[in-house]
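Analysis of the macromolecular model
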Amino acid sequence: MAGDPFFYFNGFNSAIPDDYSGNAKIVAVAELANSRDYDFVPVTVCYRRALEQSGEVLALVGKSASRAVFCGSSMGGWFARIVQLQLAATRPEIKTAAIAFNPAYDLSMYGHLLLGKQRNHVTHEEYLWTVEHSSQLRALETSVRYGAPQPFFVFVDKGDEVIGWERSSVRHSPISRFVAFEGGCHSFDHFREALADFDSVFHG
């Protein structure tokens with residue numbers, strides 16, 4: 001990839017369709033990326049192979065890149081932060097940022113909650129999440145220092161019915177720019193406000 005990438009990652013049991021024009025959140029991320037002269041790169045992450053996929057994403061950052069933004073929702077926000085820190089450790093000359101909408105966190109502690117039968121609500125694939133899959137998430141998370149001083153933007157809806165915003169605030173406020181919006185849901189309703197905040201802070 002020749003330009004500066006702006007990645008977007010899906011959440012757990014989700015996927016990014018080839019035609020995402022009907023998904024207002026992804027469209028808004030793409031519009032911001034394009035307005036700031038990034039190459040928008042939507043990546044469907046299969047979290048059963050997240051460890052391997054993190055390396056594949058890093059390989060997409062070209063030699064001439066000077067900036068890279070990693071964005072995602074739910075577990076995609078967690079993944080965005082991980083890959084940002086991996087890139088910062090290996091190529092510190094690149095200006096990076098991670099944007100997380102209602103992110104999952106501390107999966108080295110909570111990965112066991114995923115064990116059992118799962119179903120992707122986009123592809124409709126049914127599969128079994130195993131202890132080995134959770135171990136891979138733990139290995140990926142412990143490969144970086146999650147609280148490292150790299151630009152991290154965490155945006156949550158207080159109406160998130162999956163991840164409590166108060167606990168997210170305790171975890172993320174000390175290590176990120178943390179903004180909580182009234183109402184909303186886990187899918188994250190306030191993406192336009194969040195992206196505007198990120199844009200004003202990161203790009204000035």
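Residues numbered from 1 in each chain as written. Predicted model: local features only at pLDDT ≥ 70, side-chain atom pairs only at ≥ 80, totals over all residues. Heavy atoms only, no water.

Thoughts on helix α5 (residues 131-142)
The first and last C-alpha atoms of α5 sit 16 Å apart over twelve residues, in line with the 16 Å expected at 1.5 Å per residue. Taken together, the buried positions of α5 are H133, S134, Q136, L137, L140 and E141. Along the axis of α5, the buried residues cluster in a sector spanning 155°; they form a single face. Away from its buried face, by an angle of more than 90 degrees, α5 presents the exposed residues V131 and T142. (Helix = DSSP H or I, 4+ residues; strand = E, 2+ residues; numbered from the N terminus. Expected span 1.5 Å × (residues − 1). Buried < 20%, exposed > 50% of the residue type's maximum accessible area, 1.4 Å probe, protein only. Arc of directions from axis to C-beta.)

Re the packing of aromatic side chains
What characterises a pair of aromatic rings is the spacing of the ring centres plus the angle enclosed by the ring planes. Inspection of every chain in the model, using the stated rule, returns 16 aromatic pairs. Plain terms: the ring middles of F9 and F79 are 4.9 Å apart, the flat faces sit at 90° to each other, and that makes the pair edge-to-face. A residue pair is termed long-range when its members are at least 10 positions apart, and F9 in strand β1 (residues 5-9) and F79 in helix α3 (residues 75-90) qualify at 70 residues. F79 gets classed as buried once you look at its relative accessible area, which sits at 0%. An aromatic cluster is defined as three or more aromatic residues linked by ring pairs; in this entry it consists of F6, Y38, F153, F198 and F202. Over the ring of Y127 we find R48, and its NZ or CZ is 3.9 Å from the ring centre. When the ring centre of Y38 is taken as reference, the NZ or CZ atom of R67 above it lies at 3.8 Å. (Phe/Tyr/Trp six-rings, centres within 6.5 Å; stacked < 30°, edge-to-face > 60°. Lys NZ or Arg CZ within 6 Å of the ring centre and 35° of its normal.)

Description of the sheet that holds β1
Read from one edge to the other, the open sheet built from six strands follows the order β2-β1-β3-β4-β7-β8, with strand pairing classed as parallel. The open sheet has two edge strands with one neighbour each: β2 (39-43) and β8 (177-181). Between one strand axis and the next, the sheet turns by 15° as a mean value, whatever way the strands run. Here five bridges tie β1 to β2, and the two strands are oriented parallel to one another. (Pairing = 2+ DSSP bridges. Axes fitted to C-alpha atoms, helices over the stretch in contact; angles between N-to-C directions.)

Considerations on helix α2 (residues 50-59)
Among the residues of α2, those classed as buried are A50, Q53, S54 and V57. All buried residues of α2 project into a common sector of 110° when viewed along the axis, lining one side. Buried residues belonging to α2 abut β1, β2, β3 (67-73), α3 and α5. (Contact = heavy atoms within 4.5 Å.)

Some words on unusual backbone geometry
Although it is not a glycine, S74 sits at a positive phi angle of roughly 60°. When you line up the elements, S74 lands in the loop between β3 and α3. At H124, a position not held by glycine, the phi torsion is positive, near 70°. Here H124 shows up in the loop between β5 (116-119) and β6 (126-129).

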